[in-house]
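# Secondary and tertiary structure notes
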Amino acid sequence: MAETHNFRASYLHAVSRQIFMAVETPRHIADTVAGILVNANLSGHDSHGVLRITSYLDMMANNRLHPKVEPEVVKETDTTFVVNAGFGFGHFTARKSIELAIDKAKRFNVACASLYDTSHIGRLGEYLEVAARAGCISMVTFGAGQQGAWPVVPFGGAVGGLSTNPIAIGCPTGDDSPFVADIATSVIAEGKLRVARSKGVNVPEGHIVDKHGNPTVNTMDFYDGGSLLPFGGHKGYALSLVTCLLGGLSEEFDIEKGSMGGVFMQVINVEAFTPLGQYQQAVRAFLDSMRATTPAPGFDEVLVPGDFEFRCRAERLVSGIDLPDTIHQKLQEHAAELNISLGDEIVEPDDIARYQVS
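Structure report, in brief. (Residues numbered from 1 in each chain as written. Predicted model: local features only at pLDDT ≥ 70, side-chain atom pairs only at ≥ 80, totals over all residues. Heavy atoms only, no water.)

Before going further, it helps to examine empty space enclosed by the protein. Under the defined criterion, the tally for this structure stands at one cavity of 30 Å³ or more. Estimates place the volume of the largest cavity at around 40 Å³. Taken together, Phe 7, Tyr 11, Leu 12, Val 15, His 328, Leu 331, Gln 332 and Leu 342 make up the lining of the largest cavity. For the lining of the largest cavity, the elements supplying multiple residues, two or more each, are helix 1 (9-22) and helix 11 (325-338). Across the lining of the largest cavity, the residue classes break down as six nonpolar, two polar and no charged. (1 Å grid on protein atoms, 1.4 Å probe; cavity = no way out; pocket = protein on both sides within 12 Å on 5 of 7 lines; lining within 4 Å. Points joined across faces, edges and corners; volume = space filled by probe spheres on them. Helix = DSSP H or I, 4+ residues; strand = E, 2+ residues; numbered from the N terminus. Nonpolar A, V, L, I, M, F, W, Y, C, P; charged D, E, K, R; others polar.)

Structure representation (structure tokens):
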């Protein structure tokens, strides 16, 4: 197991912002992206946290991520809109888009958004949580598919053709633990392979195959031309296709290549159907009834989606976030290359206040 280093969330936020600003990312964008990355770490989803900084810098170096770009709404009605992300920071585009969708849903009861030319938008659960705090149900999907172009094999196939194509649905509970179901349609998300690789550990059987289609547990076999498997066989494969079909509403498709994908968001104002307070009370009672189920042998308790993130966030805000030494070294290398300090002095009062334990 690799050595780890422990850091406060406020420090990792400042580090992320410092690095992004050093590559000419406007401060407001850098601050938003930093907050989303650190919240992924706090929520226990390290695969979408500060580990990603290196890949984003690589994308910038290869002109595949433009840090200064602001998203633009290019088509709009009262209840729908299309966003050109311009290959800017996907996190920033997604945050602005969910906020606009919430505003529309509050005025017109429902809103749908389609985003194209996005870079990686991070953990989808982030945007569900924003909508839940506003008293809304939400769904966010990302889909991408083209024969031979992506790492997940279609069910029954031998060659990758789909991305991990997550689908996420969130629901307000009226407390700090909203219902958040954020599921990759592959058995394992590619980001979790990065985490396993950074720690020097294998993944369980049935997650990946090597470049010859043979089962393997070694993450390096995946990065040497291997593929991911869809979860649940044909059922996960079908849901993966659904994300591509929804994403294609943005017209991000190529008929000649047979490719389709994009980001889709939907927000529903609960008040359009039933009083929010009453609904949230009913949701909590329903979820509590699931938690009260007698655990099966081998289980300590029954959880519902969102419990893990809530508990992990509460714990890590106090105990800090552990980073593998490989990731810590990468951050140090980036700081040296960019000639910036990663000392404690970069942490600002607002950073400390943001992650203050109540």
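Next comes the rest of the account.
Another aspect to go through is the layout of surface pockets. Counted as a void, the second largest pocket has a volume near 830 Å³. Along its surface, the second largest pocket is lined by 28 residues, and Asn 39, Glu 129, Arg 133, Asp 176 and Arg 313 are the ones closest to its centre. Broken down by secondary-structure element, the contributors of at least two residues to the lining of the second largest pocket are helix 2 (27-42), helix 5 (125-133) and helix 10 (307-319). It is helix 10 that provides the largest number of residues to the lining of the second largest pocket, a total of five residues. Split into classes, the residues belonging to the lining of the second largest pocket amount to ten nonpolar, nine polar and nine charged.

Turning our eyes to something else, we now look at the nonpolar core. Formed by 35 residues in total, the largest nonpolar core has its most connected members in Tyr 11, Leu 12, Phe 20, Val 38, Ile 53, Phe 89 and Leu 323. Contributions of two or more residues to this core are made by helix 1, helix 2, helix 3 (53-61), strand 13 (321-324) and helix 11. Looking at this core element by element, the count peaks at seven residues for helix 1. Beyond its immediate sequence surroundings of up to four residues, Ile 53 is in contact with Ser 16, Ile 19, Phe 20, Leu 37, Leu 331 and His 334. (Core = buried A, V, L, I, M, F, W, Y, C linked by side-chain atoms within 4.5 Å. Buried < 20%, exposed > 50% of the residue type's maximum accessible area, 1.4 Å probe, protein only. Contact = heavy atoms within 4.5 Å.)

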